[in-house]
Amino acid sequence: MRAAPEQYEMISPGNLAAALKLMASEPGRWLPVAGGTEVMVQYSAGRLPQRNLMNVWGLPELRRIEVTPDAVVIGGGCTFAEIRAHKAIAAEFSMLAKTAAWVGSIANQNRATLAGNLANASPAADSPPALLAYEAEIELISVRGTRRIPYTQCHLDYKRTALTQDELILAVRLPRRFAGWRDYVRKVGTRNAQAISKVCMAAQALVQDGVVEAIRMGMGSVAPVPLRLAAIEECAAGRKVNATLIAECRQLLDKMIAPIDDIRSTIEYRRLVAGNVLEDCLRTLAGTA
Amino acid sequence: MSLQRIVMTVNGVERTVDAHPMERLLDVLREKLGLTGTKEGCGEGECGACSVLMDGSLVNSCLIPVAQAAHAQIVTIEGLGSPEKLDPVQEAFLHCGGSQCGMCTPGMIMAAKCLLMHNVKPSREEIREGLGGNLCRCTGYMRIFEAVEAAARKQESEAAR
Ligand SMILES: Cc1cc2nc3c(=O)[nH]c(=O)nc-3n(C[C@H](O)[C@H](O)[C@H](O)COP(=O)(O)OP(=O)(O)OC[C@H]3O[C@@H](n4cnc5c(N)ncnc54)[C@H](O)[C@@H]3O)c2cc1C
Ligand code: FES
Ligand code: FES
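What you see is a predicted model; the values in this text were computed from it and never measured.

Undergrad: Help me get a handle on the confidence of the model for chain B, residues and values and all.
TA: For chain B, the mean per-residue pLDDT works out to 96, and 99% of the residues sit at or above 70. Interface scoring of the predicted complex returns ipTM 0.97; its pTM is 0.97.

Undergrad: Which residues make up the domain arrangement of chain A, and what are the values?
TA: Looking at the assigned domains, one finds that chain A contains domain 1 (5-55), domain 2 (62-175) and domain 3 (182-286). A C-alpha centroid distance of 36 Å is found between domain 1 of chain A and domain 3 of chain A.

Undergrad: Could you give me a rundown of the side chain of Arg24(B), with the residues and numbers involved?
TA: Secondary-structure assignment places Arg24(B) in the loop between β2 (13-19) and α1 (25-32). Judged by relative accessible area, which is 3%, Arg24(B) ranks as buried. A distance of 2.8 Å separates a polar atom in the side chain of Arg24(B) from a polar atom in the side chain of Asp27(B). Residues within four places of Arg24(B) in sequence aside, it is in contact with Arg2(A), Met40(A), Ser44(A), Glu40(B), Gly43(B), Ser61(B), Cys62(B) and Ile64(B).

Undergrad: Describe the environment of Gly36(A), listing the residues and the values that go with them.
TA: Structurally, the position occupied by Gly36(A) is in the loop between β2 (31-33) and α2 (39-44). Owing to a relative accessible area of 7%, Gly36(A) belongs among the buried residues under this scheme. In this structure, the C-alpha to C-alpha distance between Gly36(A) and Glu279(A), residues 243 residues apart in sequence, is 37 Å. Beyond its immediate stretch of four places on either side in the chain, Gly36(A) contacts Val41(A) and Leu63(B).

Undergrad: Now, about the packing of aromatic side chains: what can you tell me, with residues and values included?
TA: Residues and elements named next belong to chain A. Counted according to the given criterion, the structure contains 4 aromatic pairs over all chains. Centroid distance Phe 178 to Trp 181: 4.9 Å. Interplanar angle 80°. Geometry classified as edge-to-face. Like Phe 178, the residue Trp 181 is buried in the burial classification. Over the ring of Trp 57 we find Arg 63, and its NZ or CZ is 4.6 Å from the ring centre.

Undergrad: Tell me what's going on with the site of ligand 1, and back it up with residues and numbers.
TA: The local shell around ligand 1 holds 33 residues, among which Pro32(A), Ala34(A), Thr37(A), Glu38(A) and Thr113(A) are the closest. More than one chain approaches ligand 1, the contributing ones being chains A and B. Asp126(A) places a side-chain nitrogen or oxygen 2.7 Å from a nitrogen atom of ligand 1. When isolated, ligand 1 has an accessible area of 980 Å², and the protein chains bury 90% of it. Those elements that place two or more of their residues in the shell around ligand 1 are β2, α2, α7 (114-120) and β10 (168-175) of chain A. With 5 residues, α7(A) is the largest single contributor of residues to the shell around ligand 1. Counted by class, the shell around ligand 1 contains 17 nonpolar, 10 polar and 6 charged residues.

Undergrad: Please give an account of the interface of chain B and chain A that cites residues and values.
TA: Taken together, the contact pairs 27 residues of chain B with 27 residues of chain A. Both faces combined, the contact of chain B with chain A buries some 2,300 Å², and carbon together with sulfur accounts for 57% of it. For the pair chain B and chain A, the interface holds 1 salt bridge. At the boundary of chain B and chain A, one finds 8 residue pairs in polar contact (both at pLDDT 80 or more). Residue assignment for the side of chain B that touches chain A shows that the elements contributing at least two residues are α1, β4 (57-60) and α4 (124-130) of chain B. Among the elements that take part in the side of chain B that touches chain A, β4(B) stands out by supplying 4 residues, more than any other.

About the thresholds
- Residues numbered from 1 in each chain as written.
- Chains lettered and ligands numbered in written order.
- Predicted model: local features only at pLDDT ≥ 70, side-chain atom pairs only at ≥ 80, totals over all residues.
- Heavy atoms only, no water.
- pLDDT = per-residue confidence, 0-100.
- Domains from an automatic or database assignment.
- Helix = DSSP H or I, 4+ residues; strand = E, 2+ residues; numbered from the N terminus.
- Buried < 20%, exposed > 50% of the residue type's maximum accessible area, 1.4 Å probe, protein only.
- Polar contact = N/O pair within 3.5 Å; in protein donor to acceptor, adjacent residues only side chain to side chain.
- Contact = heavy atoms within 4.5 Å.
- Phe/Tyr/Trp six-rings, centres within 6.5 Å; stacked < 30°, edge-to-face > 60°.
- Lys NZ or Arg CZ within 6 Å of the ring centre and 35° of its normal.
- Near = heavy atom within 4 Å.
- Areas by Shrake-Rupley, 256 points an atom, 1.4 Å probe, with all protein chains shown as cover.
- Nonpolar A, V, L, I, M, F, W, Y, C, P; charged D, E, K, R; others polar.
- Buried area = accessible area lost by both parts, 1.4 Å probe.
- Salt bridge = Lys/Arg side-chain N within 4 Å of Asp/Glu carboxyl O.

What follows is the structure in structure tokens.
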């Protein structure tokens, strides 16, 4: 059934200050719409509960990519097409560039924004595992000012985030402190492109003589929120990747994840695939694959 | 709720429409501007039948509230060539048999056009990616890929002249 457009209102504030003011004046009333690749799908299916929408597409303040000595700061309104095309991101944060290329078709990537991907808070979204592995921070802004939180604190529960009702995602900060780390990123879906992932994993590690000095890992589609695999990181740190370590890590993973049964896959299948991807990740990073 | 006056440039001509801001660009193009070349397949961003160019990039017009197209430059299939003088991409689809029922064709051609604007000599792999959001139930895609390659060759030889 087609939605009836006359029942919806959309305001285009035109700049960030006006958008924040509108959000603050009636908290929770105005739903931001950036690329619309989530919101418009809901709307067209008649499943969008909000009637009042606020257009944030193209707000210049949300669309900058800044390279500073200690971070690459990506505006929340940047599209995945822009992220893919950015040289510094491709060079230093290639896992994010790769996942950007997985976010649906070219037409979808031209509209889909980073903030929309995070605020939508799907556990199957493609960018979160890379952001977790890179220890990203997110900058939130409201009329009250800005605050910065580790991305690990962004997702509270299924489709629930730490954003307050008057806040927008201003930017995502990627710290530039991982020179020399190796990375691993993989999406398991029915097809490579344009399919929702069954398991999506990103990791980076500092490896010396086969020993994992340090490692950071994120996994999506295996729990109500994208997971940073901190317990596994601790377990692997300072050790060689061998059958014992892999068995321990797989056990830890099994305890951490809570995959779902749905039309796409069963719980057992997702558990098995998650374990296999983790194993492949450890072996690849250690150079023993 | 109230209508808004929206001005946009469609196929090089400035157009003004009174529309509800959440009307889909697709519907405004087809119903208010009479540009029925742009098709609706799925209405949810999966098939690419509604592809148009907005400010130079390929988008699915079924997912765009018309308020977001205000002041934008839109190009639809009608803006590419005319029956008398087809665009090289249109001509290549015709010659290579890249179109059967035609439902996917306008979107497919817009995606191909956009690809060739950014990449004059795409590989098969790049063509697959560029057209990956455009589904076709008829052709099996091979003739479409061949048409894009033919259009690229034609553009190259025209540029050389
Ligand atoms: C055909 C298709 C294929 C897709 N494939 C993939 C895929 O493979 N992988 C994947 O991860 N996703 C995929 N998606 C989902 C979608 O494209 C992404 O989640 C996209 O990043 C959403 O961004 P958007 O700007 O379009 O969001 P919108 O629809 O505009 O907004 C989504 C949510 O984010 C909020 N929001 C937007 N901007 C901000 C901001 N600055 N601050 C706070 N909140 C904000 C909105 O209020 C809304 O709740 C697909 C979608 C479609 C239609
Ligand atoms: S009709 Fe827009 S993508 Fe299918
Ligand atoms: S020609 Fe019929 S869908 Fe492509």
